[in-house]
Amino acid sequence: KIIKMKSANPTQANTKKGGAPVGGFRKESNLELAKLVDSKVRVKCLGGRELVGTLRGYDDLVNLVVDDCDEFLRDENDLTRITNQKRNLGLVVIRGTQVSLVSPNDGTEEISNPFVAEGDD
């Protein structure tokens, strides 16, 4: 006699090839972007772009809709450094695959890198 037991975690037990859930089970998101809607956010993207604007919406794939968006321009001599110069982009959609960080703009400040030796700056 074979007895089939239910798994304690239904998202692991009922998955298709590739890990997609079967039967409507969804993993809950750890993101709390809802509390940032209609507030100023800073978005850092893969490739080094940094954007600031008002978060208007998002989806499960972290595609973001940002209004009054400004992009911080890079230093012409050192493309790894971001300057304080901005370029106004207006209303933008940022693909979730490019987003590496979303944070509130208020209450954040840049600090020096503690892992870089004094002469390496």
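Remember, it's a predicted structure, so these values are computed and weren't measured experimentally.

Draft legend 1. Region of interest: the overall build of the protein. When helices and strands are tallied, the protein shows 1 helix and 5 strands. When the helices and strands of the protein are listed from N to C terminus, the series reads α-β-β-β-β-β. Taking all 121 residues of the protein together, the buried fraction comes to 21%. Here the analysis covers contacts within the protein between residues at least 6 apart in sequence; of these, 40% occur between residues at least 24 apart. Of the roughly 9,900 Å² that the protein leaves accessible, carbon and sulfur atoms contribute 49%.

Draft legend 2. Representation of the nonpolar core within the structure. Counting residues in each nonpolar core, the largest one holds 14 residues, and the members touching the most others are Val43, Leu51, Leu55, Leu64, Val66, Ile94 and Val99. Of all the secondary-structure elements, those providing two or more residues to this core are β1 (40-45), β2 (50-58), β3 (64-74) and β4 (82-94). Residues contacting Ile94, with those up to four places away along its chain left out, are Val43, Cys45, Leu51, Val62, Asn63, Leu64, Val66 and Val99.

Draft legend 3. Structural context of the pattern of salt bridges. Applying the stated criterion across every chain, the model contains 8 salt bridges. Arg49 serves as the salt-bridge partner of Glu71, at 3.7 Å between the closest nitrogen and oxygen. Of this pair, Glu71 sits in strand β3 while Arg49 is found in the loop between β1 and β2, placing the two residues 22 residues apart along the sequence. For the salt bridge of Asp67 with Arg56, the shortest nitrogen-to-oxygen distance reads 3.6 Å. Of this pair, Asp67 sits in strand β3 while Arg56 is found in strand β2, placing the two residues 11 residues apart along the sequence. Note on Arg56: relative accessible area 40%, which makes it partly exposed. Among the charged side chains, a network of salt bridges with common partners joins Asp38, Arg56 and Asp67.

Draft legend 4. Quick peek at the side chain of Glu71. In this structure Glu71 comes out as buried when scored by relative accessible area, which is 6%. Within the local environment of Glu71, its side chain forms a polar contact with the side chain of Arg87, the two groups lying 2.3 Å apart. Those residues within four positions of Glu71 in sequence are excluded, and the remaining contacts are Arg49, Glu50, Leu51, Gln85, Lys86, Arg87 and Leu89.

Draft legend 5. Here's a closer look at the sheet that holds β1. On the basis of which strands lie adjacent, the open sheet formed by 5 strands has the order β4-β3-β2-β1-β5 and antiparallel pairing. Strand pairing shows two members of the sheet lacking a second neighbour, β4 and β5 (99-104), which therefore form its edges. Neighbour to neighbour, the strand axes of the sheet diverge by 30 degrees on average, direction disregarded. Note: β1 against β5, 5 bridges, orientation antiparallel. Paired with Arg42 across the bridge in β5 is Ser103.

Draft legend 6. Representation of unusual backbone geometry in the model. Here Asp38, not a glycine, exhibits a phi torsion of approximately 65 degrees, which is positive. Along the chain, Asp38 falls in the loop between α1 (10-13) and β1. Owing to a relative accessible area of 53%, Asp38 belongs among the exposed residues under this scheme. The phi dihedral of Val62 falls on the positive side, at around 65 degrees, and the residue is not glycine.

What counts, and at which threshold
Residues numbered from 1 in each chain as written. Predicted model: local features only at pLDDT ≥ 70, side-chain atom pairs only at ≥ 80, totals over all residues. Heavy atoms only, no water. Helix = DSSP H or I, 4+ residues; strand = E, 2+ residues; numbered from the N terminus. Buried < 20%, exposed > 50% of the residue type's maximum accessible area, 1.4 Å probe, protein only. Contact = heavy atoms within 4.5 Å. Areas by Shrake-Rupley, 256 points an atom, 1.4 Å probe, with all protein chains shown as cover. Core = buried A, V, L, I, M, F, W, Y, C linked by side-chain atoms within 4.5 Å. Salt bridge = Lys/Arg side-chain N within 4 Å of Asp/Glu carboxyl O. Polar contact = N/O pair within 3.5 Å; in protein donor to acceptor, adjacent residues only side chain to side chain. Pairing = 2+ DSSP bridges. Axes fitted to C-alpha atoms, helices over the stretch in contact; angles between N-to-C directions.

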